[in-house]
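Structure assessment
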Amino acid sequence: MLFNSWIFLLFAVIVFLIYWSLNTSTLKIQNSIILISSYVFYGWWDWRFLSLIVFTSSVDYWAAI
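This section reports on the structure supplied with the text. (Residues numbered from 1 in each chain as written. Predicted model: local features only at pLDDT ≥ 70, side-chain atom pairs only at ≥ 80, totals over all residues. Heavy atoms only, no water.)

Before going further, it helps to spend a moment on the pattern of salt bridges. This model, assessed by the stated rule, comprises one salt bridge. Of the charged contacts in the structure, one is a salt bridge between R48 and D46, with a shortest N-O distance of 2.9 Å. For R48, a relative accessible area of 57% translates into the label exposed. Using a relative accessible area of 14% as the deciding quantity, one classes D46 as buried. (Salt bridge = Lys/Arg side-chain N within 4 Å of Asp/Glu carboxyl O. Buried < 20%, exposed > 50% of the residue type's maximum accessible area, 1.4 Å probe, protein only.)

Structure follows, in structure tokens:
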């Protein structure tokens, strides 16, 4: 998925609408939506590298805690 493609524009609009349609008090759900959509965006390029970004984000999460 390229940043200058129509599919990215559609993807960004859908994620934006889902994110802002949720109540702002549900910050954990909003963060999960952003995380999942970033995995979808990254996996759209090449799904074989998804394990790399999931591993990296898990290590970063546990290191931050």
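Among the structural elements, S37 can be located in helix α2 (residues 27-45). Taking relative accessible area as the criterion, S37 reaches 11% and is therefore assigned buried. Sequence-distant contacts of S37, that is, excluding residues within four places in its chain, are made with F11 and V15. (Helix = DSSP H or I, 4+ residues; strand = E, 2+ residues; numbered from the N terminus. Contact = heavy atoms within 4.5 Å.)

This part takes up the packing of helix α1 (residues 6-21) against α2. One can describe the packing of α1 onto α2 by two numbers: an axis separation of 10 Å at closest approach and a directional angle of 165°. The angle between α1 and α2 falls in the class roughly antiparallel. Note that α1 runs across α2; the crossing there is right-handed. Contacts from I7, F8, F11, V15, I18 and Y19 in α1 reach Q30, I33, I34, S37, V40, F41 and W44 in α2. (Axes fitted to C-alpha atoms, helices over the stretch in contact; angles between N-to-C directions. Parallel < 35°, antiparallel > 145°, perpendicular 65-115°, else oblique. Left-handed = near helix turned anticlockwise from the far one by under 90°.)

Here we take up the packing of aromatic side chains. Counted by the stated rule, this structure contains nine aromatic pairs. Between the aromatic rings of F3 and F41, the centroid separation amounts to 5.4 Å while the plane-to-plane angle is 40°, which identifies the pairing as tilted. One end of the pair, F3, is in the segment before α1; the other, F41, is in helix α2, and 38 residues separate them in sequence. A residue is classified by how much of its surface remains accessible, and F41, at 23% relative accessible area, is partly exposed. When the centroid spacing of 5.1 Å and the interplanar angle of 85° are considered together, the rings of Y19 and W20 count as edge-to-face. (Phe/Tyr/Trp six-rings, centres within 6.5 Å; stacked < 30°, edge-to-face > 60°.)

Turning our attention to a nonpolar patch on the surface. Together, I7, L10, I14, I18, I36, V40 and W44 make up an exposed nonpolar region whose accessible area comes to about 630 Å². Mapped by element, the contributors of at least two residues to the nonpolar patch are α1 and α2. It is α1 that provides the largest number of residues to the nonpolar patch, a total of four residues. Assignment of secondary structure puts I7 in helix α1. (Patch = residues over 30% accessible without salt bridge, like charges linked within 9 Å, V, L, I, M, F, W, Y side chains within 5 Å. Areas by Shrake-Rupley, 256 points an atom, 1.4 Å probe, with all protein chains shown as cover.)

Honestly, it's all geometry; don't read function into it.
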